[in-house]
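What follows is each chain in one-letter form.
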Amino acid sequence: MSEERLRRWRLVLGAEAEEETGTTLSKADQSVDAALAALYDAGESSGTQRAAGLGSSAPRVARWLGDIRQYFPSTVVQVMQRDAVERLGITRMLMEPELLGAVEPDVHLVSTLLALNEVMPEETKQTAREVVGRVVAELEARLAERTRAAVTGALDRAGRTSRPRHSDIDWDRTIRANLKHFSPALGTIVPDRLVGYARRNHSVQRDIVLAIDQSGSMAESVVYASLFGAVLGSIRTLRTSLVVFDTAVVDLTDRLEDPVDVLFGTQLGGGTDINRALAYCEELVTKPADTVLVLISDLYEGGVREELLRRARSLVESGVQVIALLALADSGTPSYDAENAAALADLGVPAFACTPDQFPDLMAAAIRHEDITTWAATNIT
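Remember, it's a predicted structure, so these values are computed and weren't measured experimentally.

Criteria and cut-off values
Residues numbered from 1 in each chain as written. Predicted model: local features only at pLDDT ≥ 70, side-chain atom pairs only at ≥ 80, totals over all residues. Heavy atoms only, no water. 1 Å grid on protein atoms, 1.4 Å probe; cavity = no way out; pocket = protein on both sides within 12 Å on 5 of 7 lines; lining within 4 Å. Points joined across faces, edges and corners; volume = space filled by probe spheres on them. Helix = DSSP H or I, 4+ residues; strand = E, 2+ residues; numbered from the N terminus. Nonpolar A, V, L, I, M, F, W, Y, C, P; charged D, E, K, R; others polar. pLDDT = per-residue confidence, 0-100. Contact = heavy atoms within 4.5 Å. Phe/Tyr/Trp six-rings, centres within 6.5 Å; stacked < 30°, edge-to-face > 60°. Buried < 20%, exposed > 50% of the residue type's maximum accessible area, 1.4 Å probe, protein only. Axes fitted to C-alpha atoms, helices over the stretch in contact; angles between N-to-C directions. Parallel < 35°, antiparallel > 145°, perpendicular 65-115°, else oblique. Pairing = 2+ DSSP bridges. Right-handed = clockwise from strand over helix to strand, strands pointing away.

1. Side note on the layout of surface pockets
- Computed from the structure, the second largest pocket encloses a volume of approximately 260 Å³.
- Contributing to the lining of the second largest pocket are 18 residues, with Gln81, Arg82, Val85, His108 and Thr112 lying nearest its centre.
- Listing elements by their share of the lining of the second largest pocket, those giving two or more residues are α4 (58-71), α5 (74-88) and α7 (107-115).
- Here the lining of the second largest pocket gets six residues from one element, more than from any other, and that element is α5.
- The class makeup of the residues in the lining of the second largest pocket is 10 nonpolar, five polar and three charged.

Rendered as structure tokens:
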């Protein structure tokens, strides 16, 4: 086995493996080993260096956070931070401004801060907003433009007409659609049909309702859904409503201009009453045939299941396109109520998980009135 592989195994296994691997760590590697030991061997009784732990000292945690950012890439740092919160109970310390400043922000940290929102000291809230803002900015850079392009493209295609006014002719598509009608004698294309758009205006073409389950298991989905709500809310030809729910329902539509405000308007945890949420969303529907309602939930219903299914059936029969996303997250499909998912599917409400990168195309397909069950079978792996 190569010396580098032995070194890596020694770091993974700890000081007790030093004799077995025959590897003595350099001074730099001893610091890396201590950072790993503080997290992954905390509480062991071996008496070795790797039982040091982080203790309950905020300064010690702050130093450790600084150390791991020095030793490991950001993706590894984020994993270690999550493990520290779960294994060592340092959640309380994340409410201290100086500690938050040393943390590498990611979606999971945002979820933790949102869960602490109600108990967070006032002096920490501004720092927490800055941390959340940094993550939102990164996600917007990755997803916002793609979403606007996909959705506005779908809206444009939905408004396309074969009898456009001259000023509304889409010349590029018209030329491509009529290449077979090229006349060598005339040296030009003689169009058989024109492709264009109906006269453009800024009137609302579709209503989008996002209903987001804010129970603890949906934390990552809440972050992404709130961001997408803000992006969709910025498109003038959409009327976007954003509703979050547990056993109560909160309408955050008036905060859509600022996704950070939306996120801090949520309260992760608590029970779930999907039926109550759908009842509220039903009141928002004014043009059923032009409405897409996206229910983002693991479908564990704490309310009246029969009423939930009756209300879902009523929405579908009225012409609303209802989609149930079991997760809107990078981390895959969470545990969900398979019986409710199957019952909704039987009513014409497709239920599946979706990654943030797939969501723009999903919304475009819904706006074009495509069969979403078929779309999901083709595009969701």
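We are not done yet, so read on.
2. Notes on the confidence of the model for the chain
- For the chain, per-residue confidence averages 83 on the pLDDT scale, and residues scoring 70 or more make up 85% of the total.
- For the chain, the element scoring lowest by mean pLDDT is strand β1 (residues 160-161), at 51; strand β8 (residues 291-296) scores highest, at 98.
- For residues 44-52, every residue scores under 50 in pLDDT, and the model assigns this stretch 20 contacts once sequence neighbours within four places are set aside.

3. Brief notes about the packing of aromatic side chains
- The tally for this structure, following the rule as stated, stands at three aromatic pairs.
- Each ring, one from Tyr71 and one from Phe72, has its centre 6.4 Å from the other, and the planes form 85°; the classification is edge-to-face.
- Owing to a relative accessible area of 26%, Tyr71 belongs among the partly exposed residues under this scheme.
- On the basis of relative accessible area, Phe72 is assigned to the buried category, the value being 17%.
- Pairing Phe228 with Phe359 gives two aromatic rings, centres 4.5 Å apart and planes at 40°, and the pair type is tilted. Taken together, the positions of Phe228 in helix α10 (residues 219-233) and Phe359 in helix α15 (residues 359-367) put the pair 131 residues apart, joining distant regions of the chain.
- The exposure class assigned to Phe228 is buried, which follows from its relative accessible area of 1%.
- By relative accessible area, Phe359 is classed as buried at 1%.

4. Topic: the packing of α7 against α10
- Contact geometry of α7 with α10 gives a least axis separation of 9 Å together with a crossing angle of 100°. If you check the angle between α7 and α10, you find them roughly perpendicular. Every residue of α10 that contacts α7 at Val107, His108, Val110, Ser111 and Leu114 is listed here: Ala219, Glu220, Val223 and Tyr224.
- A class-by-class count of the residues in the contact of α7 with α10 yields six nonpolar, two polar and one charged.

5. Regarding the pairing of strand β6 (residues 238-245)
- Within β6, seven of the eight residues are buried, which leaves it mostly tucked inside the rest of the structure.
- The sheet contact formed by strand β5 (residues 206-213) and β6 spans eight bridges and is parallel. By the bridge assignment, Val209 is partnered in β6 with Ser241.
- Handedness of the β-α-β unit built from β5, α10 and β6 comes out right-handed.
- The pairing of β6 with strand β7 (residues 249-251) spans three bridges and is antiparallel. Bridging across to β7, Phe245 finds its partner in Val249.
- Hairpin connection between β6 and β7: a loop of three residues separates the two successive antiparallel strands.

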